[in-house]
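Here are the chains, one letter per residue:
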Amino acid sequence: MSIGNSPSDAASEAPLSIGRALHRARLDAGLTVEEISAATRVRAPIVHAIEQDDFSRCGGDVYARGHIRTLARAVGLDPAPLIDSYDGEHGGKPSPTQVAPVYEAERIRPEPRRPNWTAAMVAAIVIVVGFVGFTMFSGARSGTESVAGNATQPSPSHPATHPPVSKTPEPSRSAIAAAPGDKVTVKLTADGGKSWITATANDGHSLFEGLLDQGQSKIFTDDKKISLVLGNAGAVKMFVNGKDLGTAGNDGQLVRTDFTPGNPQAG
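Note that this is a predicted model, so its numbers are computed, not measured. (Residues numbered from 1 in each chain as written. Predicted model: local features only at pLDDT ≥ 70, side-chain atom pairs only at ≥ 80, totals over all residues. Heavy atoms only, no water.)

Student: Would you mind going over the overall build of the chain with me for this structure?
Tutor: When helices and strands are counted, the chain shows 9 helices and 8 strands. For the chain, the proportion of its 267 residues judged to be buried stands at 27%. In the chain, once contacts between residues fewer than 6 apart in sequence are set aside, the share between residues at least 24 apart is 56%. Just so you have it, the chain exposes about 18,200 Å², and 57% of that area is on carbon and sulfur atoms. (Helix = DSSP H or I, 4+ residues; strand = E, 2+ residues; numbered from the N terminus. Buried < 20%, exposed > 50% of the residue type's maximum accessible area, 1.4 Å probe, protein only. Contact = heavy atoms within 4.5 Å. Areas by Shrake-Rupley, 256 points an atom, 1.4 Å probe, with all protein chains shown as cover.)

Student: Help me understand the sheet that holds strand β8 (residues 255–259) in this model?
Tutor: To summarise the sheet geometry, strands pair through backbone hydrogen bonds and adopt either a parallel or an antiparallel arrangement. Pairing is antiparallel in the open sheet, where 4 strands are placed in the order β3-β2-β5-β8. In this open sheet, the two edge strands, each paired with only one partner strand, are β3 (206–212) and β8. Pairs of neighbouring strands in the sheet enclose a mean axial angle of 10 degrees, with direction left out of account. Of the strand pairs in this sheet, strand β2 (residues 195–201) and β3 are connected by 6 bridges, and their pairing is antiparallel. Following the sheet pairing, Ile197 is matched in β3 by Gly210. (Pairing = 2+ DSSP bridges. Axes fitted to C-alpha atoms, helices over the stretch in contact; angles between N-to-C directions.)

Such coordinate-based values are descriptive only and should not be taken to indicate function.
This is how it looks when you write it as structure tokens:
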């Protein structure tokens, strides 16, 4: 009489589940769950769940396959049979995603052109410099032609005279009155020679730094304060907030000074 296999023998020969296979391989390797977690960066609660065939904590099929593959390699198992077993138990392998058309569409899509702020700033600076130069040239030419016309057309009762020509015209009263009261406005004119000028706004931004030639003028405006450093201060006349302050100092003197909207008052 033959003796068949007992139920316990049949159970021992049944293939192991994914979790049991990983659990047994970890024990055979002499590793704890914490050591496996540290080596694979798979959190210990997820390792425990996978070894109990609970894949709900993996966050989806893609992550579950990745964790199975990582844990299998860490304990010396071939991950391919385990992945195949998982796919068989969870609806098969995922369909491959066609990414080529998406890539092609993205590749041929033209990128929006960004505004070239650098070129715009350079163009604006060129326009401003050109306008200032044209204005200064036109003003000097107009003054020269006016003086020449007065000299060549004397009246019958008065002999022809040549009035002295001022290199720097004084600001008109209308220009002085137009100085805004809620800002500080400073006009510097190199009336008596050259002067090195540095003008700084309240926020530390440099408004101007350079040489002011004789006859040249500069106007600076700020909401709160303008700080000045004047070399050869005796050559510079100052008009602050619409008020004529005269020369900034003595010849060859270095002067540092600040002005605010209420200092000095126009008048």
